[in-house]
Amino acid sequence: MKIVDLIATIDELKPNTYSVKTKFDWINRLEHMVQNDIIDTHEGYSSFYTDYDPDLDQDTELMAPPPYDEMYVRWLEAQIDLANGEVDRYNISITLYNTCWQSYADYYNRTHKPRSRGRIRF
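Let me sum up the structure you'll find in this document. In this text, all values refer to a predicted model and were calculated from it rather than measured experimentally. (Residues numbered from 1 in each chain as written. Predicted model: local features only at pLDDT ≥ 70, side-chain atom pairs only at ≥ 80, totals over all residues. Heavy atoms only, no water.)

1. Re the overall build of the chain
In step 1: Per the secondary structure count, the chain includes four helices and zero strands.
In step 2: In the chain, the succession of α and β elements from N to C terminus is α-α-α-α.
In step 3: Expressed along its principal axes, the backbone C-alpha trace of the chain runs to roughly 55 × 35 × 25 Å.
In step 4: A buried classification covers 39% of the 122 residues belonging to the chain.
In step 5: The contacts in the chain between residues at least 6 apart in sequence include a share of 70% that link residues at least 24 apart.
In step 6: Here the chain displays about 7500 Å² of accessible surface, and carbon together with sulfur accounts for 51% of that area. (Helix = DSSP H or I, 4+ residues; strand = E, 2+ residues; numbered from the N terminus. Buried < 20%, exposed > 50% of the residue type's maximum accessible area, 1.4 Å probe, protein only. Contact = heavy atoms within 4.5 Å. Areas by Shrake-Rupley, 256 points an atom, 1.4 Å probe, with all protein chains shown as cover.)

The structure is reproduced here in C-alpha cells:
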C-alpha cells in the first residue's frame, strides 16, 4: 500500500481533522517498529528505513505487503481514537491493530530466517 492510499483510506473510514504531517508521524512510528521488531531480527536484512517526508514520499510503498497492510489502517484508527480521547473506541482499534501486527509478525517469522544469536556458554 502506498502512503497516499493509506491516508485516503483512513480519511474515508474515519473522518478527522489531523494534518498529513501528523499522520506521517504516526506512520513513521509504526514503520520504525516494523523495522526494529520484525525485519531487523532476521538474517539478510539491516536497517534501511528513514522517516518518510510528507512533501516527498506520498507514493512510497509501506513495508508490510498485502494483505498485512491492513495493519497500517488499524494503527491510524487507533492513533486518531487516542488523540480524540475516545478510550472505548481506542481499545477496540488497538485490539484490531494488535491482531494485524501479530499476523504480519507470524508471516514474517515463517518466511524469513531469524538472525543467529551465537552460542550460549556457561
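Next, the rest of the story.
2. Some words on the packing of aromatic side chains
In step 1: Overall, the coordinates contain seven aromatic pairs when judged by the stated rule.
In step 2: Considering the side-chain rings of Y68 and Y107, the 4.6 Å spacing of their centres and the 20° angle between planes classify their relative orientation as stacked. Separated by 39 residues along the polypeptide, Y68 in the loop between helix 2 (20–37) and helix 3 (70–83) and Y107 in helix 4 (residues 87–111) bring together distant segments of the chain.
In step 3: Judged by relative accessible area, which is 16%, Y68 ranks as buried.
In step 4: Residue classification places Y107 among the partly exposed positions, given a relative accessible area of 24%.
In step 5: Ring centres 5.0 Å apart and planes at 55° place the aromatic pair W75 and Y97 in the tilted group. With W75 in helix 3 and Y97 in helix 4, this pair connects stretches of sequence that are 22 residues apart.
In step 6: Of the residues examined, Y97 reaches a relative accessible area of 5% and is grouped as buried.
In step 7: Put simply, the rings of Y68, Y104, Y107 and Y108 touch in pairs and so form one group of aromatic residues. (Phe/Tyr/Trp six-rings, centres within 6.5 Å; stacked < 30°, edge-to-face > 60°.)

3. Considering the pattern of salt bridges
In step 1: As enumerated under the stated definition, the model contains seven salt bridges in all.
In step 2: Residue K14 is joined to D81 by a salt bridge in which the shortest nitrogen-to-oxygen separation is 2.8 Å. You can see K14 sitting in the loop between helix 1 (3–13) and helix 2 and its partner D81 sitting in helix 3, a full 67 residues away along the chain. D81 shares its class with K14; the two are buried.
In step 3: The partner of E77 in a salt bridge is R74, with the nearest N and O atoms 2.8 Å apart. Remark: R74 and E77 occur in helix 3; sequence separation between them is three residues, near one turn of the helix. Grouping residues by exposure puts E77 and R74 together as buried.
In step 4: Several salt bridges share partner residues, and in doing so they unite E70, R74 and E77 into one network. (Salt bridge = Lys/Arg side-chain N within 4 Å of Asp/Glu carboxyl O.)

4. Here's the deal with the packing of helix 1 against helix 3
In step 1: Relative to each other, helix 1 and helix 3 sit at 50°, their axes nearing to 10 Å. The pairing of helix 1 with helix 3 is recorded here as oblique in orientation. The hand of the helix 1/helix 3 crossing is right-handed. In this structure, helix 1 uses L6, T9, I10 and L13 to contact helix 3, whose residues at the interface are Y72, V73, L76, E77 and I80.
In step 2: Looking at the contact of helix 1 with helix 3 residue by residue, the classes come out as seven nonpolar, one polar and one charged. (Axes fitted to C-alpha atoms, helices over the stretch in contact; angles between N-to-C directions. Parallel < 35°, antiparallel > 145°, perpendicular 65-115°, else oblique. Left-handed = near helix turned anticlockwise from the far one by under 90°. Nonpolar A, V, L, I, M, F, W, Y, C, P; charged D, E, K, R; others polar.)

Everything listed here is a matter of coordinates, which is why it stays silent on function.
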